[in-house]
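Close look at the chain arrangement
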Amino acid sequence: MRIEYYGHIREQTQKSAEERITNSSTIDALLHELQGLYHIEFPAQNSPSGATPQTFIVAVNAHLIQPTQFSIPNLFRDGDTIAIMPPFSGG
Amino acid sequence: MGNENQPFFQSGVFPKGTYTLSDLISHLKQDPIIKECGAIMTFTGIVRGVSQNSSSKMHVKNIHVEANIGLANQALQQICTDLQQGDVKRVIIYHGEGEFAAGEDLVHVIVAGGHRHAAFATLQQAIERYKSTAAIWKKEILDDGTEQWVH
């Protein structure tokens, strides 16, 4: 699959995109894998109350994934594009 | 900026220097729908010359703007589609990407409507929505060379 990085996350990984083969089947597992690889913090943000401010955003094939879905298996597969992004700050 | 098969305007993120507010207004005035409009409201977001980091009042030399173009365009076009109804005839958002100096234009939001009240309210809604839903990021480059992402 293709993984794209944006903003300060791109700077931390030192790449804007990469092709990656993974055994991770959930967003949580993939983030854990990348955290170990690039020493990036992806703090848990699936608080049901939504009280924790989001520190990063994930999209699969240009569809935003809610943090409550990060533990759901098979939201992505080979050939998909996953974007890992900081909170938006346009304009 | 559009032909018979496309919307008159396609809002989105575009490289710096490829359009001006004046270009956008001139083009909008060629849209046949403008005959139904009595007001054009515009908002221009510019690069603030003082850092947004509250712990410092450092001067900003440049700002770097980057976007996930696919996601950002999708969000900007959705905002325009959602808000373009009733008395509000056109909503257009053009956001720049690249390197900008303090004072330069970053984003233009334009609303054309039958009357001013609906157009004013829609302009504000469009601004609030693009800030929270468009996949765009800014990094300040300060006078002393330090860099910081704006959150």
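Residue positions are counted from 1 within each chain, in the order its sequence is given. Labels follow written order: the first chain is A, the first ligand is 1, and so on. Confidence filtering applies because this is a predicted model: local features only for residues at pLDDT of at least 70, side-chain atom pairs given and counted only at 80 or more, and all residues used for totals across whole chains, interfaces and linings.

Looking at the packing of helix H2 (residues 69–83) of chain B against helix H3 (residues 116–133) of chain B
Residues and elements named next belong to chain B. Rule in force here: All axes are obtained by fitting lines to C-alpha atoms, using only the stretch in contact for helices, and the reported angles, taken between N-to-C directions, cover 0 to 180 degrees. Helix and strand labels come from DSSP, where a helix needs a run of H or I of at least four residues and a strand needs a run of E of at least two; each type is numbered from the N terminus. Under this scheme an angle from 65 to 115 degrees is roughly perpendicular, one under 35 degrees roughly parallel, and one over 145 degrees roughly antiparallel; angles in between are oblique. Each helix crossing is assigned a hand: it is left-handed if the near helix lies turned anticlockwise from the far helix by less than a right angle, otherwise right-handed if that turn is clockwise. Residue pairs qualify as contacts under a 7 Å threshold applied to their C-beta atoms, which are placed from the backbone. Throughout this entry, Asp, Glu, Lys and Arg are counted as charged residues, while Ala, Val, Leu, Ile, Met, Phe, Trp, Tyr, Cys and Pro are counted as nonpolar. The remaining residues, Gly among them, count as polar.
The interhelical angle for the contact between H2 and H3, taken along N-to-C directions, is 155°, at an axis separation of 10 Å. By the angle between their axes, H2 is roughly antiparallel relative to H3. Handedness of the crossing formed by H2 with H3: right-handed. In this structure, H2 uses Ala75, Leu76, Ile79 and Leu83 to contact H3, whose residues at the interface are Thr122, Gln125, Ala126, Arg129, Tyr130 and Thr133. When grouped by side-chain class, the residues that make up the contact of H2 with H3 number 6 nonpolar, 3 polar and 1 charged.

A few points about the sheet that holds strand E2 (residues 17–19) of chain A
All names here are of chain A. The line we're drawing: Pairs of strands are assigned from DSSP output, requiring at least two bridges between the strands.
Ordered by their spatial adjacency, 5 strands build an open sheet running E2-E1-E5-E3-E4, and the pairing between neighbours is mixed. Every other strand in the sheet has two partners, leaving E2 and strand E4 (63–65) as the edge strands with one partner each. The mean angle between the axes of side-by-side strands here comes to 25°, regardless of whether they run parallel or antiparallel. Sheet analysis places strand E3 (residues 57–60) next to strand E5 (residues 81–85), joined by 4 bridges and oriented antiparallel. By the bridge assignment for E5, alanine 59 is matched with alanine 83.

Re helix H2 (residues 27–38) of chain A
Residues and elements named next belong to chain A. As a reminder, the rule being used: Expected helix span is computed as 1.5 Å times (number of residues minus one). A residue is called partly exposed when the number of other C-beta atoms within 10 Å of its own lies between 12 and 20, exposed at 12 or fewer, and buried at 20 or more, with C-beta atoms placed from the backbone. For this quantity, the arc is that covered by the directions from the helix axis to the C-beta atoms.
The first and last C-alpha atoms of H2 sit 16 Å apart over 12 residues, in line with the 16 Å expected at 1.5 Å per residue. Turning to H2, its buried residues number three or more, namely Ile27, Leu30, Leu31 and Leu34. Taken down its axis, H2 places every buried residue within 100° of arc, on the same side. Following H2 by one or two positions, histidine 39 has its phi on the positive side, about 55°.

As for H3(B)
Residue and element names in this part refer to chain B. Between its terminal C-alpha atoms H3 stretches 26 Å, which fits the 26 Å expected from 18 residues at 1.5 Å a residue. All of the buried residues in H3 are Ala119, Thr122, Leu123, Ala126 and Tyr130. Down the axis of H3, the smallest arc covering the buried residues is 110°, so these residues share one side. Opposite its buried face, H3 presents the exposed residues His117, Glu128 and Ser132, each directed more than 90 degrees away. Of the surrounding secondary structure, the elements contacted by the buried residues of H3 are strand E2 (39–46), H2, strand E4 (88–101) and strand E5 (105–113).

Focus: the interface of chain A and chain B
Contact with chain A, which involves 13 residues of that partner, is made by 21 residues of chain B. Those elements that place two or more of their residues in the side of chain A that touches chain B are helix H1 (7–13) and E5 of chain A. Of the residues assigned to the side of chain A that touches chain B, the class counts are 8 nonpolar, 5 polar and no charged.

A few points about unusual backbone geometry
All names here are of chain A. At alanine 62, a position not held by glycine, the phi torsion is positive, near 70°. Along the chain, the position of alanine 62 falls in the loop between E3 and E4. Residue asparagine 74 is not a glycine yet carries a positive backbone phi of 65°. Mapped onto the secondary structure, asparagine 74 falls in the loop between E4 and E5.

Some thoughts on the confidence of the model for chain B
The condition is simple: For every residue, the predictor assigns a confidence score, pLDDT, that lies between 0 and 100.
Averaged over all residues, the pLDDT of chain B equals 92, while 93% of them reach at least 70. As scored by the predictor, the complex reaches a pTM of 0.90 and an ipTM of 0.88.

Here's the deal with the environment of Ser132(B)
Mapped onto the fold, Ser132(B) is located in helix H3. Each C-alpha atom, one on Ser132(B) and one on Ala119(B), is 20 Å from the other, the two residues being 13 residues apart in sequence.

Quick notes on the nonpolar core
Burial of nonpolar side chains together is a common tendency in soluble globular proteins. Residues and elements named next belong to chain B. Definition in use: Put simply, a nonpolar core is a cluster of buried Ala, Val, Leu, Ile, Met, Phe, Trp, Tyr and Cys residues tied together by C-beta atoms within 7 Å.
Among the nonpolar cores identified, the biggest contains 52 residues, and Ala72, Ile93, Val111, Ala126, Ala135 and Ile136 are the most heavily contacted of them. The element best represented in this core is H2, accounting for 7 residues. Here alanine 72 is in contact with Val13, Ala67, Ala134, Ala135 and Ile136, once residues within four sequence places are set aside.

Description of the pairing of strand E6 (residues 136–142) of chain B
Residues and elements named next belong to chain B. Of the pairings in the sheet, the one linking strand E3 (residues 60–67) to E6 comprises 7 bridges and is antiparallel in character. Residue pairing across strands places histidine 64 opposite lysine 139, the latter belonging to E6. Taken together, the 4 bridges between E6 and strand E7 (residues 147–150) define a ladder with antiparallel strand orientation. Bridging across to E7, glutamate 140 finds its partner in glutamine 148.

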